[in-house]
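# Observations on chain architecture
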Amino acid sequence: MTDKQELFRRLPAVHQLLQQPQVEKQLQTAPRHLVVEAIREVLDQLRQEIQQTASVPDDEVITGRVLQLIETKKKPRLRRVINGTGVVLHTNLGRAILSQAAVDAVVKVAGGYSNLEYDLEEGKRGSRHSHIEELVCQITRAPAAMVVNNNAAAVLIVLSALAKDREVIVSRGELVEIGGSFRVPEVMSQSGAILREVGTTNKTYARDYEQAINENTGVLLKVHTSNYRVVGFTHETTREELVALGRKYSLPVIEDLGSGSLIDLAELGLPGEPTVQQCLNAGVDIVTFSGDKLLGGTQAGFIVGKRELVERIKSHPLARAIRVDKMTIAGLEATLRAYLDKEQLLQENPTMRMLSEPAEVLKKRAEHLAALLSALPGAHRVATVPGKSKPGGGALPTTELDTWLVEIQSEQISAENLAASLRKTDPPVIVRVQEGKVMIDPRTLLPGDEKLLVKVFHEVLTG
Ligand SMILES: *Cc1c(COP(=O)(O)O)cnc(C)c1O
């Protein structure tokens with residue numbers, strides 16, 4: 001006990017640490033409160049360590065820990081990371097990344113005034129929505145369009161505007177949860193619509209919808225099951241059948257397409273997903289989809305379809321609460337412009353580029369990275385192996401893309417510990433851990449990442 005008290009007394013005081021030349025120097029670049037906070041936190045840790053181990057490191061080590069914590073605290077909380085997982089639309093890592101054109105557009109309107117709601121022709125108030133709606137209509141051939149904060153908000157406002165206090169008929173096989181907290185039944189209850197589930201989890205027929213239609217039916221809803229598939233003994237009512245029912249009973253048919261691709265992914269060698277255009281051509285009245293999934297743009301929710309319905313949705317009071325900001329509009333406009341020219345799109349949109357990168361190109365990139373990493377000092381083994389990447393983002397849940405992985409195994413550090421150290425580097429690196437090995441999929445590496453990987457692996461492998 002007395003030993004510990006002696007150790008507590010040996011701990012430096014806050015003002016003493018502040019006077020350490022190296023710490024004092026930090027005050028030139030870091031605010032004082034941040035430096036003091038770091039000192040207090042390190043002293044707290046040291047007190048706990050005394051309780052547990054009855055020892056105190058020497059002053060130099062204590063100063064070192066303070067300096068390190070100051071460095072950590074100076075960095076922004078939201079940071080760029082290297083995605084080594086091969087999951088192209090990784091929701092936890094920010095989903096789609098923007099093209100350079102989109103980034104430039106965001107930067108320009110963010111740092112200056114813009115004609116966000118100003119009509120430059122007339123010199124008077126304009127509409128923020130005008131900038132992208134025409135473009136969306138041009139690409140999808142939809143009669144009308146609206147953009148909101150995200151697809152969850154799009155579904156919410158569509159149901160609020162078109163089905164409040166009315167029944168929305170939806171298949172039990174489509175009452176999905178899309179990760180986070182987007183659950184179809186819960187969004188429905190928020191909107192004031194009444195859920196009328198029909199069919200079973202694996203089979204729903206057109207007659208199930210038809211039998212449920214009554215005088216209080218408001219909408220027929222189809223939901224893309226995004227992150228899962230019902231396989232085996234199944235039957236899904238087609239959108240054509242739903243559209244026929246909608247016409248027969250004068251009910252709008254709404255489809256939440258989720259990821260919502262604007263181009264036929266079969267052209268990229270991926271399994272076909274219904275495109276927004278196909279849904280509209282089939283006669284669906286309103287289609288909703290995300291901006292930052294397969295479209296490869298900013299977070300946003302699109303609502304496209306019949307003019308009269310879109311106008312009703314636009315005039316709903318929720319529209320103001322879920323409107324998009326100028327940076328989103330700028331990023332989306334630039335992203336969508338590339339869709340007017342398929343070649344430009346495939347070159348410029350990072351999501352499209354990553355999804356369509358052939359395995360033989362990825363093999364070369366994996367071999368190049370493996371050569372750089374195996375040349376680093378330290379006892380570790382590096383190899384390249386064939387593997388699979390995932391599109392992610394709830395899109396194409398059963399699709400895997402052929403890729404080549406770089407495997408790294410250290411003789412001193414376990415794969416879990418290596419992965420944990422890589423999360424603490426600058427920039428942090430997120431990898432896969434499989435079969436006791438750290439793996440990096442070059443598919444999601446950006447230009448310049450290889451060089452950074454060599455730097456951070458050098459740090460973690462050599463301690
Ligand atoms: C992803 C998804 C949503 C939610 O979209 P956000 O843009 O993330 O709000 C809603 N419905 C479906 C079917 C989805 O796949």
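So, here's what we can say about the structure. All chains use their own residue numbering, which begins from 1 and follows the written sequence. It should be noted that, the model being predicted, local features are given only for residues of pLDDT at least 70 and side-chain atom pairs only at 80 or more, the latter also being counted only at that level, while totals for whole chains, interfaces and linings use all residues. The basis for the side-chain values is all heavy atoms of the structure; hydrogens and waters are excluded.

### Re the overall build of the chain
Numbering of helices and strands starts at the N terminus; helices are DSSP runs of H or I of at least 4 residues and strands are runs of E of at least 2. For the chain, the helix and strand inventory stands at 20 helices and 16 strands. Seen through its C-alpha atoms, the chain measures out along the principal axes to roughly 85 × 50 × 50 Å. Nonlocal contacts in the chain, meaning residues at least 24 apart in sequence, comprise 74% of its contacts between residues at least 6 apart. Accessible surface is estimated by sampling points in the Shrake-Rupley manner with a 1.4 Å probe; for residues, cover comes only from the protein chains shown. Within the structure as shown, the chain displays about 22900 Å² of accessible surface, and the carbon and sulfur contribution to it stands at 49%. The charge count includes Lys and Arg as positive and Asp and Glu as negative, but it does not include His or the ends of the chains. Think of each charge as sitting on NZ of Lys, CZ of Arg, CG of Asp or CD of Glu. One finds the centroid of the 56 positive side-chain charges in the chain at a distance of 2 Å from the centroid of its 58 negative side-chain charges. Should any heavy atoms of two residues lie within 4.5 Å, those residues are considered in contact.

### Notes on the pattern of salt bridges
Here, a salt bridge means any Lys or Arg side-chain nitrogen found within 4 Å of an Asp or Glu carboxyl oxygen. Counted under the stated rule, the structure contains 34 salt bridges. In this structure, the salt-bridge partner of Lys222 is Glu236, at a minimum N-O distance of 2.8 Å. Here Lys222, found in strand S8 (residues 217-223), pairs with Glu236, found in the loop between S8 and helix H11 (239-249); they are 14 residues apart in sequence, far enough to count as distant. Residue class for Lys222 comes out buried when judged on its relative accessible area of 4%. One salt bridge in this structure joins Asp285 and Arg247, with 3.8 Å as the shortest N-O distance. With Asp285 in the loop between helix H12 (276-281) and strand S10 (286-290) and Arg247 in helix H11, this pair connects stretches of sequence that are 38 residues apart. Overlapping salt bridges bring together Glu117, Arg125, Arg128 and Arg323 as one network. Throughout this description, buried means an accessible area under 20% of the type-specific maximum (1.4 Å probe, protein chains only), exposed means over 50%, and partly exposed covers the range between.

### Here's the deal with the packing of aromatic side chains
Each pair of aromatic rings taken from Phe, Tyr and Trp, with Trp reduced to its six-membered ring, is defined by centres within 6.5 Å and is described as stacked if the planes are under 30 degrees apart, edge-to-face if over 60, and tilted in the remaining cases. For the structure shown, the criterion picks out one aromatic pair. For the pair Phe289 and Phe302, a centre-to-centre distance of 4.9 Å together with 10 degrees between the ring planes defines the contact as stacked. Here Phe289, found in strand S10, pairs with Phe302, found in strand S11 (residues 301-305); they are 13 residues apart in sequence, far enough to count as distant. Judged by relative accessible area, Phe289 falls into the buried class, the value being 1%. By relative accessible area, which is 1% here, Phe302 ends up buried. Note on criteria: charge over ring means Lys NZ or Arg CZ within 6 Å of the ring centre, with the direction from the centre no more than 35 degrees off the ring normal. Here Arg207 stacks its cationic end above the ring of Tyr205, 4.4 Å away from the centre of that ring.

### What to know about the sheet that holds strand S13 (residues 401-410)
When DSSP locates at least two bridges between a pair of strands, those strands are taken to pair. Reading across the sheet, the five strands line up as S2-S12-S13-S16-S15 and stay open at both edges, with mixed pairing between neighbours. With one partner strand each, in any of the chains shown, strand S2 (87-89) and strand S15 (432-434) form the two edges of the open sheet. The average angle at which neighbouring strand axes cross in this sheet is 40 degrees, direction not considered. Pairing of S2 with strand S12 (residues 380-392) involves two bridges; the strand directions are parallel. Counted as the bridge partner of Val87 is Lys390 from S12. The axes used here are C-alpha line fits, helices contributing only the stretch in contact, and every angle between their N-to-C directions lies in the interval 0 to 180 degrees. Of the strands in this sheet, S12, S13 and strand S16 (437-440) touch helix H18 (residues 359-374), which is tilted by about 10 degrees from S13.

### Considerations on the sheet that holds S11
Taken together, seven strands build an open sheet; the order of strands is S5-S11-S10-S9-S8-S6-S7 and the sheet is mixed. Across the chains shown, the open sheet's two edge strands, defined by having one partner strand only, are strand S5 (144-148) and strand S7 (194-198). Each adjacent strand pair in this sheet contributes to an overall mean axis angle of 25 degrees, direction not counted. In terms of strand pairing, S10 meets S11 through five bridges, oriented antiparallel. Paired with Ile286 across the bridge in S11 is Gly305. Helix-sheet contacts for helix H8 (residues 151-163) involve S5, strand S6 (167-171), S8, strand S9 (253-258), S10 and S11, and the interaxial angle to S10 is about 160 degrees.

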